[in-house]
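# Summary of structural features
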Amino acid sequence: MSIQTSVLEELLQSSAQLRPQLYFKSSLTALSHAMEDQVLASDAQPLIIASFQKERFYRQEAHRYERIAAITPHVYVLAAPETSFTNASRDYETIAFDPSDQLSHEWHLVVIGVQYSTCLICQERQNLPIAGAETPHLQAMDQTRRFEGIWTFDREVSSLAAEILLDRIGVYRPELAAKLKQAKAQFVGQMPTTRDVDPDPFAQRLVTYLQAGQYKLQKAYRSIAAKEQQERLVNLITSAMRQSLDPHEIFKVAVNELGKAMQAGRCLIYRGKANDAEVLISHEFRSDSLPSLLGQYWPLANHRLFQTVAQQQESISIPDTQAAESVESVDLAPLAELIQRWQIRSWLIVPIVYQGLLLGMIELHQAEPQSWTPDEIGLVEAIAAQLGVALIQAESYANLEDLNQQLEALERTRSNLIAITGHELRTPLSTIQVCLESLATEPDMLPELRQLMLSTALSDAERMRKLVQDFITLSRLESGRVEWHLEPVAIDECVTLALSSLRTRQSETGLPKVTAQIAEELPPVRADGERLVEVLSKLLDNACKFTQPDGSILITAQPNLQPNGGRMLEVTIADTGRGIEPNRLETVFDRFYQEEGALRRTAGGTGLGLAICRQIVQGLGGQIWAESAGRDQGSSFHFTLPLAQEPLDRTGANGSKGATEPASKRRSNRKRAVG
Ligand code: ADP
């Protein structure tokens, strides 16, 4: 059954002089408690009718009504049921009304005693805008609920209210008709005894409850203020992160703001992976209470807390390092030295993680014991999460920059290629075309001239072939599309092959004197023989190109112990030619670098030779570099290669190129001269 008329309205209609007033929920709670306490404090047996909007509100007060029922037999409690609230007659009468009943919007409490009577009849006001509570979380707060109605000590009004409510109860529970009739007869319309009621205890109780309500509100505001401060801090750090893509800047802001907000003795933020041995501390916030760790190496490998947090990817806090022997199964004993040296009394360590990847850590140290609250830990974790995102963003940006640079380099290469193609391909092509056209159209051409035309066309065709070949080789090497056939290779065999091909290529021009001085007992290198010969040939070609015929070229090789203990073989090709300016020693390895510029080049070549050499040597695990004292001082090109672990198989069983060469080519005399 559901009744849609309002008790408040019925009361207002019956008593024209009544003026309803607005009450906050907290005031109504205080009033109700004070009224109930007044009943509990007296020995009279008053009539009590309490109507709760919902069962859950009644549940909070149920224990009071049990105590009240022990004092007076006339207790009626109404509520809209939610779980187990039903119509019942036990210590007191319970009346369950339908949740759609108008009563579920009202709050009533009527007390009619012999010495006094009082009533509170209110109706909840819906959706009222409340000044100062525009924010959704304040609106949603229970404390902002408002009611409109009457609260009075007036006996007549209270009697009227009791009558209306008793009639309602009669509708819901007709079986109580006799009891209700008796209640009406006993309490409604009766005049009080002449004894005056002292209002003081009631007022005292009311004030106490109001104070308690106020205290609750204060607590709620404090927690909102703390949350607001946290949000402000997270926003501040987040916006600082958004303004910068430099991890150093981001860490600087984060460590300062977080350290200040947490009033940390020391706050550290550092990058680190689980398997790092130590980290250099570059970002620290510190109060005077603790010594600085800035510029110090912070151990990670034997920092058990770091290791555990890194592994579990969850924060750990230690309120007092001196009160506990272990925390979350981390034994603190091995950390004793660290704790003592850096005076860490309480410790909070929070991982910086992005999608399961550990990027670093935030550590907070205090000189005094401190119990880190869930809010504080939550705040540091929120900052750590932001830092994780910021670091990944910064990294992606750096990668993008790299990619950009690579793209720019590619673009430069492309333009170079067009310039080179323009000159290197078009020029010989037109020469070839002219020669062939002349040969075709001049059948009477002198045999010597015919020969000249043919050899010019042939040599230009060869230049074009070389450029195309070099370009394809370099593209393959740079894109990693090269298959390496690594095996122990004898360097002397490769030098011999390079020298013989040099002789074939440059037999017609006047070559400088080329000498190879390679000790017989040199260990083999681990390399791809064919590629190694290519490097030697290119370096020898260059040396010949840039050295006058009366100059000389010397090829040497010796074992070379690396700083990291590795053993390499260093090969040197030194010439007495035109030399290289010191500031060009690196640039000569750039693609298409030629001192004269591609278009004014006189010595031939593509500008790709040294770039190819560098790609091959690095691909074989070595280094290549140039040395020169400057112009006309000669140059030397050096490269290293790793020594082979296994011995050289000169029988050919391992398929080594050197080993398959005829014995005549593997002369034991390592001193040879060409040109
Ligand atoms: P190129 O086909 O032009 O020789 P490289 O890549 O082999 O291309 O060499 C690039 C440039 O380095 C040459 O054009 C030349 O300016 C310089 N260079 C190379 N080797 C020598 C050397 N032995 N002496 C002097 N300059 C050299």
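My aim in this report is to walk through the structure given alongside it, one point at a time.

What counts and what doesn't
Residues numbered from 1 in each chain as written. Predicted model: local features only at pLDDT ≥ 70, side-chain atom pairs only at ≥ 80, totals over all residues. Heavy atoms only, no water. Helix = DSSP H or I, 4+ residues; strand = E, 2+ residues; numbered from the N terminus. Contact = heavy atoms within 4.5 Å. Areas by Shrake-Rupley, 256 points an atom, 1.4 Å probe, with all protein chains shown as cover. Buried < 20%, exposed > 50% of the residue type's maximum accessible area, 1.4 Å probe, protein only. Lys, Arg positive; Asp, Glu negative; His and termini not counted. Salt bridge = Lys/Arg side-chain N within 4 Å of Asp/Glu carboxyl O. Polar contact = N/O pair within 3.5 Å; in protein donor to acceptor, adjacent residues only side chain to side chain. Core = buried A, V, L, I, M, F, W, Y, C linked by side-chain atoms within 4.5 Å. Pairing = 2+ DSSP bridges. Axes fitted to C-alpha atoms, helices over the stretch in contact; angles between N-to-C directions. Left-handed = near helix turned anticlockwise from the far one by under 90°. Nonpolar A, V, L, I, M, F, W, Y, C, P; charged D, E, K, R; others polar.

## Focus on the overall build of the protein
- When you go through the protein residue by residue, the secondary structure sums to 16 helices and 25 strands.
- In the protein, 71% of the contacts between residues at least 6 apart in sequence involve partners at least 24 apart.
- When the accessible area of the protein is evaluated, it comes to approximately 34900 Å², of which 51% is carbon and sulfur surface.

## Some remarks on the side chain of Arg155
- By the secondary structure assignment, Arg155 is in helix α5 (residues 155–172).
- For the buried Arg155, no salt bridge is present, and the opposite-charge side chain at shortest range is Asp154, 8.0 Å distant.
- For Arg155, the side chain forms a polar contact with the main-chain oxygen of Val114, separated by 3.3 Å.

## Brief notes about the nonpolar core
- Residues Ile491, Leu532, Leu536, Leu539, Leu540, Ile555 and Phe639 are the most contacted members of the largest nonpolar core, which totals 53 residues.
- Of the residues forming this core, the biggest block, eight residues, is contributed by helix α14 (residues 529–545).
- Setting aside chain neighbours within four positions, we find Leu540 in contact with Ala498, Leu499, Leu502, Val514, Ile553, Ile555 and Ile573.
- Counting residues in hydrophobic clusters, the runner-up holds 32 residues, among them Ala69, Val75, Ala96 and Phe202.

## Quick look at the sheet that holds strand β7 (residues 117–125)
- In spatial order, the strands read β1-β8-β7-β6-β2-β3-β5-β4; together these eight strands make up an open sheet with mixed pairing. The sheet is open, and its two edges are formed by β1 (21–24) and β4 (88–89), each paired on a single side.
- Strand direction decides the pairing type here: strand β6 (residues 106–112) and β7, joined by seven bridges, are antiparallel. Counterpart to His108 in the pairing with β7 is Ile121.
- Contacts between α5 and the sheet are confined to β2 (47–51), β3 (75–79), β5 (93–96), β6, β7 and β8 (146–152), with β6 contributing the most and set at about 115 degrees to the helix.

## Considering the pattern of salt bridges
- Tallied over the entire structure, the rule returns 25 salt bridges.
- One salt bridge in this structure joins Asp37 and Arg64, with 3.0 Å as the shortest N-O distance. Of this pair, Asp37 sits in helix α2 (residues 25–41) while Arg64 sits in helix α3 (residues 55–71), and the two are 27 residues apart along the sequence. Both residues of the pair, Asp37 and Arg64, count as buried.
- Across the pair Lys252 and Glu249 runs a salt bridge whose closest N-O atoms are separated by 3.6 Å. Linking Lys252 with Glu249, this pair stays in helix α8 (residues 247–261), spanning three residues, or about one helical turn.
- For Lys252, a relative accessible area of 39% translates into the label partly exposed.
- Several salt bridges share partner residues, and in doing so they unite Glu36, Asp37, Glu61 and Arg64 into one network.

## Observations concerning the sheet that holds strand β16 (residues 346–354)
- Here five strands make up an open sheet; going across it, the order is β11-β9-β17-β16-β13 and the pairing antiparallel. On the outer flanks of this sheet lie β11 (284–286) and β13 (316–318), each paired with one strand and no other. Neighbouring strand axes in the sheet, compared pairwise and without regard to direction, differ in orientation by 10 degrees on average.
- When β16 meets strand β17 (residues 357–366), the two strands line up antiparallel, connected through nine bridges. Looking at β17, one finds that Ser346 is bridged to Gln366.

## Remarks on helix α15 (residues 609–619)
- Burial within α15 is extensive, with eight of its eleven residues counted as buried.
- Listed in full, the buried residues belonging to α15 are Gly609, Leu610, Ala611, Ile612, Cys613, Arg614, Ile616 and Val617.
- Tucked into the core, α15 has its buried residues touching α12 (447–478), α14, β23 (624–628) and β24 (635–642).
- At the exit of α15 stands Gly621, carrying a positive phi of roughly 95 degrees.

## Description of the packing of α12 against α15
- Close contact between α12 and α15 brings their axes to 10 Å; oriented N to C, the two are set at 35 degrees. Considering only the axes of α12 and α15, their crossing is left-handed. When α12 is examined against α15, the residues Asp470, Thr473, Leu474, Leu477 and Glu478 are found in contact with a partner set consisting of Ala611, Ile612, Gln615 and Ile616.
- A breakdown of the residues in the contact of α12 with α15 according to their chemical character gives five nonpolar, two polar and two charged.

As far as function goes, none of this settles anything; it's purely spatial.
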